[in-house]
Structure formats: C-alpha cells, structure tokens
Amino acid sequence: MYTTELDKTAGSAAAPAAVEDPALLAAFEARVANDEFIEPKDWMPEAYRRTLTRQISQHAHSEIVGMLPEGNWLTRAPSLKRKAILLAKIQDEGGHGLYLYCAAETLGTSREQMIEALHAGKAKYSTIFNYPTLNWADIGAIGWLVDGAAIMNQVPLQRTSYGPYARAMVRVCKEESFHQRQGYDLLLEMMKGTPEQRAMVQDAMNRWWWPSLMMFGPPDDNSPNSAQSIRWRIKRETNDELRQKFVDATVPQAELLGITVPDPDLQWNEERGHYDFGAIDWNEFYAVVRGEGPVARERMKARRAAWDEGAWVREAAAAWEARQAARRAAAA
Ligand code: BYC
C-alpha cells in the first residue's frame, strides 16, 4: 500500500530508524507499556507513524470499497424493510471510512494522498471485497461472516495505543454489531423459506467462509508486521488468535442456522478447548492481495468513477469554505 512504498525508502516498521533520540524512544515505549494513549501531537517513532498510517488507511479503504458488494443489491432487496436496513448499513460503512481517513490524517498523510494511492493500485484494502455478491443470501453472509470477522478484529482495536484510532473503533464496533445481527437475521428468515432459499444460504456460506477466515491476515509465522505491532500495542491480539476466536464463535451459529461449514477437517478439540479447522489456501489469499481477486478491477473502476463524479461536490465545498474565509477576514 501507499505507506509500504514509503517503507522501502525510509526503513521498515520492524526496524525503527536508528537516528531517533533514545530518550524519546524510551519514554514513548514506557507510555505504551503503561497502556497510555498516544495522541497526534505526541512524539512517536517514525516507524510507529508509518505502521499506523498503513493500517488505518488500509482499514479506511476497506470500509469504502466494502460498500460496493452490498450497494450492488440495493435495487434488488426483496422488501422495503430489507432495503432500509441495507441502506442504513452501507451508509454506516461510508461513515466508518470517513472517521478512519480523519484518524489517519492526524498522522500527517492527507486524504487525497491516501485516495490517490488506492486509485493507483498501490494501497491495499481487505481481500474480502474482491469477491462478487451473486445472490441475496450473500448480503446476509456479508453481515454475518464479514462483519462478524471485522468485529472480532476491531473489538481489541478499541484498546489500540493510538488514541484517534481507538476512539473511532468504539463507534464502529457498535455499528458493526447491528450489521452482524441484521445479516444473521436475514439468513435465519431465508432458512424458514423454500428449499431453494435454504440452498442459497448454504451456497453463500460455501463461498464466503474461507475468504472470511483470510480477512485476519497471514498466519502469525508469516506476518511480517505482527511482532512490532503487538509490541507497540497497535495490535492487541495476533492474526491466528483472532481467527481462532472467530471460528469458535461462528461454528455454533452455523449449526443454529442449520447449515454446514464447508470444511471436512473442522472438529471440536476437547483438549485445546477450540475447534480445529482445515488448511487455508494461502496461494489464493496472496493472489487476491496482489490484485488478482475475481472482481478487483471492477471494484477499482467503481471507486475511480465515484471519485470523478464527486469532483463537483468537493469543488463546491472548497469554494464555499473560501468564501466564508474571505467574509471572516473582511469582518475582522
Ligand atoms: N487483505 O503482517 P500482516 C469491514 C496484508 S472493513 C489485504 O499480518 P498487519 C466492512 C497486510 O496489509 C474491515 N491485505 O499485516 C466494510 C500486510 O501488507 P503490507 C477491515 C492484507 O497489518 C464494509 C501483509 O498482508 N478491517 O468490516 O499486521 C462492509 C502482511 O500482513 C490482509 C481492517 O482493516 C487482508 N485480509 O495485519 C462490510 C482491520 N491481511 O501493508 C464490512 C484493521 C493482511 O505490509 N487491520 N494483509 O504491504 C488489521 O487489523 C491488520 O492490518 C490486519 C493485518 C490484521 C488486517
């Protein structure tokens, strides 16, 4: 992503630049270890700033790109009630993107730079949004599984060490809970319907299960950013820990729905007190990260078009602001 490009010229997050003042660094590390929030004007190591800009902007892009698979179904929602729920959810996702761009901007990268990086294909966003929504049950599966995975990841981020990111997560998590429940409710209703509707739910589960597990990122032993991010309390739990929690929480929900998890190796492990699950196809994950996901091109085309079509709104807002500033200056 955009800030990864910076990493290549300015050292990596895993190896903070040696030029930093050791006293400042020690004071910073002590504050983090003491669970204090770091705020925008506080001193922070450059690698901390870069890692956060990378993660928060990636998160913001995911929210905005994540509006597209669901937006695709707004005109085909089966009832007024479902349409209103879906519309509210998609608007929430837009709001999450805006809080997160604001949080990332406090670290010194402008929103325009972040968006330019996304449109240039340099910035990452969650792999999950590169899969198509083929039937109405997919909308339920996104709420239940995708928002469910997002909550699992975001609840610990409410205690992330960077204040603006942590505070944004509080509201985001509340809204994600509603998103998860509306998805599950939609699927429960379909399961009470015809055999064809039940088959649609199972089909959606079959397609969304594995990509949802991939949302948590690569396994811990192949996650280059995890060790430093855990040390700096940016991440509070590892990718594998969160993935396991998600599996443990979701399998009983699938049973209640009356559908099967598409994993022949899934099995409760009494000794571990967790479900064992099958191998994730990491080749697929890395291909999607590289931009080879089934609808990756379509997603970027839609984002670029939305940006171009919104130019007049940004220009009007800037012209209004300039006029207000001129009035204030004239009155002073
Ligand atoms: N997709 O060292 P790692 C939502 C990248 S939206 C793409 O483990 P890290 C919703 C990773 O960036 C919620 N890329 O990284 C919206 C890194 O690459 P770079 C989205 C991925 O950062 C609308 C490389 O792989 N949630 O809920 O320590 C509708 C190595 O990984 C992915 C967030 O964004 C992926 N899945 O850990 C519905 C959560 N996974 O940048 C719902 C915030 C990894 O070094 N982010 N990569 O080149 C995080 O918690 C962390 O960034 C991650 C990855 C756990 C995702």
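It should be emphasised that the depicted structure is a prediction, and the values quoted were computed from it without experimental measurement.

Caption draft 1: Structural context of the pattern of salt bridges. According to the stated counting rule, one finds 21 salt bridges in the structure shown. The salt bridge partner of Glu 46 is Arg 49, with a shortest N-O separation of 3.4 Å. Highlighted residues: Glu 46 and Arg 49, both in helix H3 (residues 46-65), separated by three residues, approximately one helical turn. Note that Lys 89 is salt-bridged to Glu 70, the shortest N-O span being 3.0 Å. Of this pair, Lys 89 sits in helix H5 (residues 80-105) while Glu 70 sits in helix H4 (residues 67-71), and the two are 19 residues apart along the sequence. You can call Lys 89 buried: its relative accessible area is 1%. Since its relative accessible area comes to 1%, Glu 70 is described here as buried. Here the residues in one salt-bridge network are Glu 70, Lys 89, Glu 93 and Asp 147, joined through shared partners.

Caption draft 2: The arrangement of the site of the ligand in detail. Looking at the ligand, there are 35 residues lining it, with Gln 58, Lys 124, Ser 223, Lys 235 and Asn 239 nearest. At 2.7 Å from an oxygen atom of the ligand is found a side-chain nitrogen or oxygen belonging to Ser 223. Pro 224 places a polar main-chain atom, nitrogen or oxygen, 3.3 Å from an oxygen atom of the ligand. Isolated, the ligand exposes 1100 Å² of accessible area, and the fraction of that covered by the protein chains is 94%. Listing elements by their share of the shell around the ligand, those giving two or more residues are H3, H5, helix H7 (136-157), helix H8 (163-191) and helix H12 (282-292). Per-element tally for the shell around the ligand: the top contributor is H3, with six residues. Classifying every residue of the shell around the ligand by side-chain character gives 12 nonpolar, 14 polar and nine charged.

Caption draft 3: Seen up close, helix H11 (residues 239-257). Along its 19 residues, H11 runs 27 Å from first to last C-alpha, staying within 8% of the 27 Å computed at 1.5 Å per residue. For H11, the complete set of buried residues consists of Asn 239, Leu 242, Arg 243, Gln 244, Phe 246, Val 247, Asp 248, Thr 250, Val 251, Ala 254 and Leu 257. Tucked inside the fold, the buried residues of H11 contact H7, H8, helix H9 (195-214), helix H10 (226-231), strand S2 (274-276) and H12. Two residues or fewer after H11 comes Gly 258, characterised by a positive phi angle close to 90 degrees.

Caption draft 4: Summary view of the environment of Thr 127. Structurally, the position occupied by Thr 127 is in the loop between helix H6 (111-119) and H7. Here Thr 127 falls in the buried class, since its relative accessible area comes to 6%. C-alpha separation for the pair Thr 127 and Val 172, spaced 45 residues apart in sequence, amounts to 20 Å. Dropping the residues within four chain positions of it, Thr 127 is found in contact with Met 214, Phe 285, Val 288 and Val 289.

Caption draft 5: A look at the packing of aromatic side chains. A full pass over the atoms with the stated rule returns 12 aromatic pairs. Plain terms: the ring middles of Phe 28 and Tyr 48 are 4.9 Å apart, the flat faces sit at 75 degrees to each other, and that makes the pair edge-to-face. With Phe 28 in helix H2 (residues 22-33) and Tyr 48 in helix H3, this pair connects stretches of sequence that are 20 residues apart. For the pair formed by Phe 28 and Tyr 48, the shared burial category is buried. Taken together, the aromatic side chains of Phe 28, Trp 43, Tyr 48 and Trp 232 make up a single cluster linked through ring pairs. The aromatic ring of Trp 73 is capped on one face by Arg 76, whose charged end is 4.1 Å from the ring centroid. Here Arg 314 stacks its cationic end above the ring of Trp 307, 3.5 Å away from the centre of that ring.

Caption draft 6: View of H3. Here H3 spans 28 Å end to end across 20 residues, near enough to the 28 Å set by a 1.5 Å rise per residue. Taken across its 20 residues, H3 has 17 buried, putting it largely inside the fold.

Caption draft 7: Region of the structure containing unusual backbone geometry. Even without being a glycine, Asp 35 presents a positive backbone phi close to 65 degrees. Among the structural elements, Asp 35 can be located in the loop between H2 and H3.

Caption draft 8: Local environment of the side chain of Arg 243. Within the secondary structure, Arg 243 is located in helix H11. Take Arg 243: its relative accessible area is 2%, and that puts it in the buried class. Contacts of Arg 243, omitting those with residues within four sequence positions, involve Leu 213, Met 214, Phe 216, Gly 217, Pro 218, Pro 219, Phe 277, Ile 280 and Trp 282.

Caption draft 9: Region of the structure containing the layout of surface pockets. Counted as a void, the second largest pocket has a volume near 360 Å³. Taken together, the residues that form the lining of the second largest pocket break down as nine nonpolar, three polar and four charged.

Caption draft 10: Main features of the packing of helix H13 (residues 296-309) against helix H14 (residues 311-331). Axis separation between H13 and H14 bottoms out at 4 Å; the angle between their running directions is 40 degrees. Contacts between H13 and H14 involve Trp 307, Asp 308 and Glu 309 from the first element and Ala 311, Trp 312 and Arg 314 from the second.

Caption draft 11: Representation of the packing of H3 against H5. The contact between H3 and H5 brings their axes to 8 Å, and the two run at 160 degrees. Taken together, the axis directions place H3 and H5 in an arrangement best described as roughly antiparallel. As for how H3 packs across H5, the hand of that crossing is left-handed. Contacts between H3 and H5 involve Ile 56, Ser 57, His 59, Ala 60, His 61, Glu 63 and Ile 64 from the first element and Glu 93, Gly 94, His 96, Gly 97, Leu 100, Tyr 101, Ala 103 and Ala 104 from the second. Residues of the contact of H3 with H5, tallied by class, amount to seven nonpolar, six polar and two charged.

Basis of the calculations
- Residues numbered from 1 in each chain as written.
- Predicted model: local features only at pLDDT ≥ 70, side-chain atom pairs only at ≥ 80, totals over all residues.
- Heavy atoms only, no water.
- Salt bridge = Lys/Arg side-chain N within 4 Å of Asp/Glu carboxyl O.
- Helix = DSSP H or I, 4+ residues; strand = E, 2+ residues; numbered from the N terminus.
- Buried < 20%, exposed > 50% of the residue type's maximum accessible area, 1.4 Å probe, protein only.
- Near = heavy atom within 4 Å.
- Polar contact = N/O pair within 3.5 Å; in protein donor to acceptor, adjacent residues only side chain to side chain.
- Areas by Shrake-Rupley, 256 points an atom, 1.4 Å probe, with all protein chains shown as cover.
- Nonpolar A, V, L, I, M, F, W, Y, C, P; charged D, E, K, R; others polar.
- Expected span 1.5 Å × (residues − 1).
- Contact = heavy atoms within 4.5 Å.
- Phe/Tyr/Trp six-rings, centres within 6.5 Å; stacked < 30°, edge-to-face > 60°.
- Lys NZ or Arg CZ within 6 Å of the ring centre and 35° of its normal.
- 1 Å grid on protein atoms, 1.4 Å probe; cavity = no way out; pocket = protein on both sides within 12 Å on 5 of 7 lines; lining within 4 Å.
- Points joined across faces, edges and corners; volume = space filled by probe spheres on them.
- Axes fitted to C-alpha atoms, helices over the stretch in contact; angles between N-to-C directions.
- Parallel < 35°, antiparallel > 145°, perpendicular 65-115°, else oblique.
- Left-handed = near helix turned anticlockwise from the far one by under 90°.

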